[in-house]
Amino acid sequence: MHKLTDIEAAAELADLARQIARHDVAYHQKDAPEISDAAYDALRQKYKALLEAFPHLRPENDPETRVGAAPALGFGKVTHAIPMLSLANAFSDEDIQEFVERLRRFLHLSESEAVVFVAEPKIDGLSCSLRYEKGQLTVAATRGDGTTGENITENVRTVASVPKKIEGRVPDLIEIRGEIYMERKDFFALNARREKDGEALFANPRNAAAGSVRQLDPSVTAKRPLRFFAYAVGEGDGLPFTTQEDLRKALRAWGFKLNEPSRLCEGTDALLAFYRALEESRYELPFDIDGIVYKVNRMDWQKRLGFVSRSPRWAIAHKFAPEQAETRLKAIRIQVGRTGALTPVADLEPVTVGGVVVSHATLHNEDEIKRKDIREGDLVRIQRAGDVIPQVVAVDFKKRPEGSTPFVFPDHCPECQSLAVREEGEAVRRCTGGLICPAQAVERLRHFTSRQAFNIEGLGEKRVRELWADGLIRSPADIFKLKEHEDALKTREGWGAKSVENLLKAIEARRTIALERFIYALGIRQIGEATAKLLARHYGTLEAWVDAMNKAQNDQSPARHDLESIDQIGPLIAEGLVQFFSEPHNRDVLESLAAQLVVEPHKKVSSKKESILAGKTVVFTGTLATMSRAEAKAKAESLGAKVSGSVSSKTDYVIVGADAGSKADKARRLGVVLLDEEAWRAL
Ligand code: IVH
């Protein structure tokens, strides 16, 4: 690593920082991590080691000086008077020894002076700050990026273990910080319910807790079995505590739940002994813990130790290694997700790991199988790092059965036999059967009826699922034949004559549809609303479009060239379109739909008028990653926006790039809508 040149190291650091930032957004904002916690920790460790070797090359969006991800749009913002920080991680006994020695040196302690720590479990949930004024809960906020979080007050009010009012000797103002989490049994029950209702499952209790809290509708949160434990205070007037232990006692007296088991430990050996004991018994706890937090007990010492970048010097999280087990891999099965992604899954001889019995593991994708040379019949080591679905870590090659053969990843969808293709630069292979693939059908039909597509009111996910299961709607054209089943529908449980009449009326009203909506509704990969509009504008009529797409199958044809030369349509989108049309099932669907509908030709209007940016004032601040400032400005103007250099109450949107400064702050104060680069591009 040290042999890297500065240029190489800088590139590597920037790349790692970008990856970490992307995973931070997936984890903190979208509650949908793409990699395991262990893989994330490994990324961070790699980054840290490289930065230690090249300290002068710290990249601009340095993850070590940033916590989590900026708050998502959709919730109000709360600025934390005292930042909500994170904890440094330790993975070994040596890390703990170093931690203790470092703080002893920092405090200039003599050898005879002991340091006492409070050790308590680290529960992975969603950190939350609760503000109490005169004892009343007034604001609850997420951590966000540490400085600004989301206002989740109404949602948090539905959590039973959060006191709405605290009594006794309470300061006029106090902020209680802690973690919202879900117990294991509640988590499994929630997932079982979701599975029954055909909803996507949560990967782990942390995602379930975070996803439940960050619901825009508090009544949804109220139905989720959330709990809260308190571990710290933020802002507060005249707090009398001299030790962490005192603080815990006060929190308890105010009615908060604390995370147990905890222990006062004197010195490193006591910490490590507690760690070993809890590592052994952790699966007896009703919640998953991913480590133990050690905190210096004396508050005066905490104050002197202070903080370094994103975490306190007086505390550390000692992480548990994910538990591993060995078992036989019986078979590799290909699952087709709602978006058509083919995911390989390992069927295992059941084995207990991380406190639960597992019989499946994820194999991620075909490259992963190849890289680890995983075969059916192998003895494999698996590990579970908090998630329900464990991973296969490695194969025990010595115990490989004789005559085993490498796994061949299918190039056809196991559900509908359509071609499954892998786009350049993508790890995932996808089924192209879209509308006819049973694994994707409900999702596709739901997309088809959604507001931006056919906008059929009364045909949401639940009903689509029901009608699909009963065979009444198998393909989009069936929607327009539903009126043949009017009588049967009216007698269905929970439907009613009136609602069926309304539904059929809504369907009839959509028999005439604009070309751009029609194209978007097909749910072709890469074809969002904007691209559908471009295609409609370019080809004008359904017939012309279909004809061109059929001709474009030949990649040397003028039709293909014409398609790729449409402004903003690149080879990737073109490829997706061509593939869609190469699938006979898709052509059948199009034909039967066309027979039911009147697809209106595209109406020519000035592009400036139809843009949602028309007449809006926008301001750019910071550095954009995917386009230059000049390009962004030209783009905005071409869509009819006015680009201004300064923020005022007349500004409609502020587009915030990396390292944005005072303009973004001003916009926040004025309540102007902030867009990150991704949101801006989407717009
Ligand atoms: S103390 C100033 N104690 O883990 C440090 N945090 O990875 C305040 N967490 O941001 C944190 N259990 O959200 C503390 N017993 C515990 C915790 C805990 C879980 C969370 C917390 C923190 C994150 C750091």
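Treat the numbers as computed from the prediction; the structure is a model and nothing was measured. (Residues numbered from 1 in each chain as written. Predicted model: local features only at pLDDT ≥ 70, side-chain atom pairs only at ≥ 80, totals over all residues. Heavy atoms only, no water.)

Undergrad: Please explain the packing of helix 3 (residues 93-107) against helix 9 (residues 267-281) as it appears in this structure.
TA: Following both chains from N to C, one finds helix 3 and helix 9 inclined at 145°, their axes separated by 10 Å at the closest point. Crossing angle aside, the handedness with which helix 3 passes helix 9 is right-handed. Contact residues: helix 3 offers Asp93, Ile96, Gln97 and Val100, while helix 9 offers Thr268, Leu271, Leu272 and Arg276. (Axes fitted to C-alpha atoms, helices over the stretch in contact; angles between N-to-C directions. Helix = DSSP H or I, 4+ residues; strand = E, 2+ residues; numbered from the N terminus. Left-handed = near helix turned anticlockwise from the far one by under 90°. Contact = heavy atoms within 4.5 Å.)

Undergrad: Explain the side chain of Arg463 here, please?
TA: With respect to the secondary-structure elements, Arg463 resides in helix 13 (residues 461-469). Buried and unpaired, Arg463 has Glu466 as its nearest opposite-charge partner, separated by 6.1 Å. (Buried < 20%, exposed > 50% of the residue type's maximum accessible area, 1.4 Å probe, protein only. Lys, Arg positive; Asp, Glu negative; His and termini not counted. Salt bridge = Lys/Arg side-chain N within 4 Å of Asp/Glu carboxyl O.)

Undergrad: I tried to follow empty space enclosed by the protein on my own but got confused; where do I start?
TA: On inspection of all chains with the given rule, the structure shows one cavity of 30 Å³ or more. Looking at the largest cavity, its volume works out to about 200 Å³. As for the largest cavity, its lining consists of 19 residues, and the residues nearest its centre are Cys431, Thr432, Arg444, Arg525 and Gln579. At the level of secondary structure, the elements contributing two or more residues to the lining of the largest cavity comprise strand 19 (420-422), strand 20 (429-431), helix 12 (438-449) and helix 21 (571-582). (1 Å grid on protein atoms, 1.4 Å probe; cavity = no way out; pocket = protein on both sides within 12 Å on 5 of 7 lines; lining within 4 Å. Points joined across faces, edges and corners; volume = space filled by probe spheres on them.)

Undergrad: Where do I start with the side chain of Arg194 in this structure?
TA: Counting through the fold element by element, Arg194 comes out in helix 5 (residues 184-196). What Arg194 contacts, discounting residues up to four positions off in sequence, is Glu199, Ala200, Leu201, Phe202 and Arg224.

Undergrad: Is there a simple way to explain the site of the ligand in this structure?
TA: Lining the immediate surroundings of the ligand are 16 residues, of which Glu120, Arg143, Glu179, Tyr231 and Asn259 lie closest. Between the ligand and the protein, one listed contact pairs an oxygen atom with a backbone N or O atom of Leu85 at 3.4 Å. At a separation of 2.8 Å, a nitrogen atom of the ligand approaches a polar side-chain atom of Glu120. In the complex, 90% of the free accessible area of the ligand, which totals 530 Å², lies under the protein chains. Secondary structure elements with two or more residues in the shell around the ligand: strand 3 (116-123), strand 8 (227-236) and strand 10 (289-296). Counting residues per element, the shell around the ligand draws most heavily on strand 3, at four residues. Broken down by class, the residue content of the shell around the ligand amounts to eight nonpolar, three polar and five charged. (Near = heavy atom within 4 Å. Polar contact = N/O pair within 3.5 Å; in protein donor to acceptor, adjacent residues only side chain to side chain. Areas by Shrake-Rupley, 256 points an atom, 1.4 Å probe, with all protein chains shown as cover. Nonpolar A, V, L, I, M, F, W, Y, C, P; charged D, E, K, R; others polar.)

Undergrad: Can you walk me through the sheet that holds strand 7 (residues 173-181) in this structure?
TA: Whenever strands of a sheet pair, they do so through backbone hydrogen bonds, lying parallel or antiparallel. With antiparallel pairing, the four strands of this open sheet are ordered in space as 5-4-7-8. Two strands lie at the open edges of the sheet, namely strand 5 (136-142) and strand 8, each paired on one side alone. Recorded for the sheet is a direction-independent mean angle of 30° between the axes of neighbouring strands. One ladder, built from six bridges, connects strand 4 (residues 126-133) with strand 5; its direction is antiparallel. Across the sheet, the residue bridging to Tyr132 is Leu137, located in strand 5. The sheet contacts of helix 8 (residues 244-253) involve strand 7 and strand 8, and relative to strand 8 the element is tilted by about 120°. (Pairing = 2+ DSSP bridges.)

Undergrad: What's the story with the environment of Tyr132 in this structure? I'm lost.
TA: Residue position: Tyr132 is located in strand 4. The class of Tyr132 is buried, set by a relative accessible area of 0%. The sequence separation of Tyr132 and Ala315 amounts to 183 residues, and the corresponding C-alpha distance is 25 Å. At a separation of 2.6 Å, a polar atom in the side chain of Tyr132 contacts the main-chain carbonyl oxygen of Pro163.

Undergrad: What exactly am I supposed to notice about the packing of aromatic side chains here?
TA: Two descriptors summarise a pair of aromatic rings, namely the distance from one centre to the other and the angle between the planes of the rings. Following the criterion strictly, the structure yields 17 aromatic pairs and no others. Aromatic pair Phe99 and Phe117: ring centres 6.0 Å apart, planes at 40°, arrangement tilted. In this pair, Phe99 sits in helix 3 while Phe117 sits in strand 3, placing the two residues 18 residues apart along the sequence. On the accessibility criterion, Phe99 (2% relative accessible area) is buried. Geometrically, the ring pair formed by Phe407 and Phe409 is edge-to-face, given 6.3 Å between the ring centres and 90° between the ring planes. An aromatic cluster is defined as three or more aromatic residues linked by ring pairs; in this entry it consists of Tyr181, Phe229, Tyr231 and Phe287. Positioned over the ring face of Trp495 is Arg463, at 4.0 Å from the centre of the ring. Over the aromatic face of Trp495 sits the side chain of Arg492, whose NZ or CZ is 5.4 Å from the ring centroid. (Phe/Tyr/Trp six-rings, centres within 6.5 Å; stacked < 30°, edge-to-face > 60°. Lys NZ or Arg CZ within 6 Å of the ring centre and 35° of its normal.)

Undergrad: Honestly, the pairing of strand 18 (residues 391-395) in this entry has me stumped. Any pointers?
TA: Strand residues, when the strand is regular, have side chains that alternate between the two faces of the sheet. Pairing between strand 17 (residues 379-384) and strand 18: four bridges, direction antiparallel. Across the sheet, residue Arg381 finds its bridge partner in strand 18, namely Ala394. Counting the residues between successive antiparallel strands, the hairpin from strand 17 to strand 18 contains six residues, one of them, Gly386, with a positive phi of roughly 90°.

Undergrad: I'm lost on the nonpolar core in this one. Help?
TA: Here is a general trend for soluble globular proteins: nonpolar side chains tend to be buried in one another's company. By size, the foremost hydrophobic cluster in this structure holds 59 residues, and its most contacted members are Phe518, Leu535, Trp545 and Leu563. Tallying contributions element by element places helix 21 first for this core, with six residues. Core analysis: the next-biggest nonpolar cluster, separate from the first, contains 34 residues, Phe75, Ala140, Ile176 and Met299 among them. (Core = buried A, V, L, I, M, F, W, Y, C linked by side-chain atoms within 4.5 Å.)

Undergrad: Help me out: how do you make sense of the sheet that holds strand 23 (residues 617-621) in this one?
TA: As summarised here, the arrangement of the four strands in space is 24-23-25-26, forming an open sheet in which the pairing is parallel. The open sheet has two edge strands with one neighbour each: strand 24 (642-644) and strand 26 (673-676). When the angles between neighbouring strand axes are averaged without regard to direction, this sheet yields 30°. Sheet analysis places strand 23 next to strand 25 (residues 653-656), joined by four bridges and oriented parallel. Bridging from a neighbouring strand, Val619 pairs with Val654 of strand 25. Its contacts with the sheet place helix 24 (residues 629-638) against strand 23 and strand 24, and it is angled at close to 170° to strand 23. Sheet strands touched by helix 25 (residues 662-670): strand 23, strand 25 and strand 26. Its angle to strand 23, the strand with the most contacts, is close to 140°.

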